[in-house]
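# Structural description and commentary
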Amino acid sequence: MALLRNMRNVVDAGVDSSVLRHLANTLSDPTNVLKSKQLPFDFVEAYKIVAPMNGALSTAVSQAIDISVGNLPELGKKIWVIIDYSGSMGNDDGIPINTATLLAASLLKAAGRTAEDISVTLFGSAAKTLKGIDTNNSVLGIQRELLTHRSGNIAGSTDFGAALREYGSLGFVPDTIV
């Protein structure tokens, strides 16, 4: 979808508001988004660019992010997502933690369509398992929710064993572990 790569130029060019409305409608059209086969990451990059520039476009791109999870494959019925929240992932504005939580949020949103059980385990020096993530929330909303849990021992060193020790608290046997 070439529109994603050229949005800044369109906004900077000061085009008529009717053109911007058409652009927003095109970007948020489910048929166009699914046909593009683009993943949420592409739309998130565009969102970062237009969010401070144009409210209507940022809303359209936010909707496209959620629609684009339909381009992700089905993961299974019982899904366990494990996220490294250790200090080496950077601060909450760092690229590694944002990439990890965006991937997790996208997978959770996609899995919410068909999964029976979903748990997320965050680990650093210790681990914490989250259940009941609202997959009806937007991808960006799920990502924000995941980032709110990054504190204390969860953000310490990297102890993957701590995450694996959470297996017994899942309440189900996962068929997919990410």
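Just so it is clear, the structure is predicted and the values come from calculations on it, not from any experiment.

### A few points about the overall build of the protein
When you go through the protein residue by residue, the secondary structure sums to eight helices and four strands. Helices and strands in the protein line up, N terminus first, as α-α-α-α-α-β-α-β-β-α-α-β. Projecting the C-alpha coordinates of the protein onto the three principal axes gives extents of approximately 55 × 30 × 20 Å. Counting across all 178 residues of the protein, residues that qualify as buried make up 46%. Accessible surface, the protein: about 8,600 Å² in total, of which carbon and sulfur atoms supply 53%. Counting 15 positive and 17 negative side-chain charges, the protein places the averaged centre of each group 3 Å from the other.

### Details of the packing of aromatic side chains
A ring pair, where both rings are aromatic, is described by two values, the distance of the centres and the angle of the planes. Scanning the model with the defined rule gives two aromatic pairs in all. Ring plane angle 55° and centroid distance 5.8 Å describe the contact between Trp-80 and Tyr-167, whose orientation is recorded as tilted. One end of the pair, Trp-80, is in strand β1 (residues 78-84); the other, Tyr-167, is in the loop between α8 (160-164) and β4 (176-177), and 87 residues separate them in sequence.

### Things to note about the pattern of salt bridges
Where charged atoms of side chains with opposite charge meet at close range, the side chains can pair. Taken as a whole and judged by the stated rule, the model has five salt bridges. One salt bridge in this structure joins Asp-117 and Lys-78, with 3.1 Å as the shortest N-O distance. Placement of Asp-117 in strand β2 (residues 117-123) and of Lys-78 in strand β1 is noted, with a sequence separation of 39 residues between them. Classification of Asp-117 as partly exposed rests on a relative accessible area of 26%. On the basis of relative accessibility, which here comes to 25%, the residue Lys-78 falls in the partly exposed class. When salt bridges with common partners are traced through the structure, they connect Lys-78, Glu-116 and Asp-117 into a single cluster.

Conventions and cut-offs
- Residues numbered from 1 in each chain as written.
- Predicted model: local features only at pLDDT ≥ 70, side-chain atom pairs only at ≥ 80, totals over all residues.
- Heavy atoms only, no water.
- Helix = DSSP H or I, 4+ residues; strand = E, 2+ residues; numbered from the N terminus.
- Buried < 20%, exposed > 50% of the residue type's maximum accessible area, 1.4 Å probe, protein only.
- Areas by Shrake-Rupley, 256 points an atom, 1.4 Å probe, with all protein chains shown as cover.
- Lys, Arg positive; Asp, Glu negative; His and termini not counted.
- Charge placed at Lys NZ, Arg CZ, Asp CG, Glu CD.
- Phe/Tyr/Trp six-rings, centres within 6.5 Å; stacked < 30°, edge-to-face > 60°.
- Salt bridge = Lys/Arg side-chain N within 4 Å of Asp/Glu carboxyl O.

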